Amino acid sequence: MRLEYFEMIDSVVRLDRAAGRIEARALVPEASPVFEGHFPGHPLVPGVLLTETMAQASGYLVLAHLDFAQMPFLMAVDKARFRSFVGPGAALDITASLEHDGSGYAVTKAAIRHEGKALCDAELRFRTMPFPATMESLIRERARKIGLLEGDQP
C-alpha cells in the first residue's frame, strides 16, 4: 500500500472471471504520513481508506469482467460495517464478488480480513463509463504491476 498515493492493492492473488470474484492482498505500511494525524501515538488506518481498498479490489474485478472496455467509478457505498481496527504492518486479504453488471452499473460485495478475522465489508456500486483521456494506459499499467493482467484466469 502507498496510502498517500491511494494505491491500496499490492497484488491480485486470484481472479476467477467465471465466478465474478477477485482475491487481493495489501500490506499496510509501517510508516505513512496518514498515521501522523490518525492518530498521534495510536496509528490506525482510516475507515475511508479501508473502504477505498475494497473499492479498488472491486474496481479491478469490474475492469477484468468488462475486459478493460470501460472504467468503473465508485458511486455508492451501502451496508458498510467496520468490526475492528487496522494498524501499521497488517497484511490484509481483500475479496470482492460481482453481484450485478448492466445498464452502465456494476455492484459488488467486498470484504477485508486480517489473520482470518473479518475487519470490514460493504456493498459497492459503480458507474461504468468510457475511460477519461490518458487514464486507460495508467490503469492498465497499474493492473499489470499488481498482477491483474498476467496470470488471470479466463
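Residues numbered from 1 in each chain as written. Predicted model: local features only at pLDDT ≥ 70, side-chain atom pairs only at ≥ 80, totals over all residues. Heavy atoms only, no water.

Here's the deal with the overall build of the chain
1) Next: Per the secondary structure count, the chain includes 3 helices and 6 strands.
2) Next: The secondary structure elements of the chain, listed N-terminal to C-terminal, are β-β-α-α-β-β-β-β-α.
3) Next: By the compact-globule yardstick of 15 Å for 154 residues, the chain fits well, its C-alpha radius of gyration being 15 Å.
4) Next: Each of the 154 residues in the chain was classed as buried or not, and the buried ones make up 40%.
5) Next: Across the chain, the fraction of contacts at a sequence separation of at least 24, relative to all contacts at a separation of at least 6, is 68%.
6) Next: Carbon and sulfur atoms provide 53% of the accessible area of the chain, an area that totals close to 8,100 Å².
7) Next: If you average the places of the 17 positive and of the 20 negative side-chain charges in the chain, the two averages end up 4 Å apart. (Helix = DSSP H or I, 4+ residues; strand = E, 2+ residues; numbered from the N terminus. Rg over C-alpha atoms; globule rule 2.2 N^0.38 Å. Buried < 20%, exposed > 50% of the residue type's maximum accessible area, 1.4 Å probe, protein only. Contact = heavy atoms within 4.5 Å. Areas by Shrake-Rupley, 256 points an atom, 1.4 Å probe, with all protein chains shown as cover. Lys, Arg positive; Asp, Glu negative; His and termini not counted. Charge placed at Lys NZ, Arg CZ, Asp CG, Glu CD.)

A word on the layout of surface pockets
1) Next: There is about 410 Å³ of room inside the largest pocket.
2) Next: Lining the largest pocket are 17 residues, and of these Glu52, Gln56, Tyr60, Met71 and Ile139 lie nearest its centre.
3) Next: Listing elements by their share of the lining of the largest pocket, those giving two or more residues are α2 (47-65), β3 (71-82) and α3 (135-146).
4) Next: Looking at the lining of the largest pocket, its residues break down into 12 nonpolar, 2 polar and 3 charged. (1 Å grid on protein atoms, 1.4 Å probe; cavity = no way out; pocket = protein on both sides within 12 Å on 5 of 7 lines; lining within 4 Å. Points joined across faces, edges and corners; volume = space filled by probe spheres on them. Nonpolar A, V, L, I, M, F, W, Y, C, P; charged D, E, K, R; others polar.)

Description of the packing of aromatic side chains
1) Next: Counted under the stated rule, the structure contains 0 aromatic pairs.
2) Next: Lying over the aromatic face of Tyr5, Arg2 brings its terminal NZ or CZ to 4.4 Å of the ring centre.
3) Next: In this structure, Arg127 is placed above the aromatic ring of Tyr105, and the distance from its NZ or CZ to the ring centre is 5.0 Å. (Phe/Tyr/Trp six-rings, centres within 6.5 Å; stacked < 30°, edge-to-face > 60°. Lys NZ or Arg CZ within 6 Å of the ring centre and 35° of its normal.)

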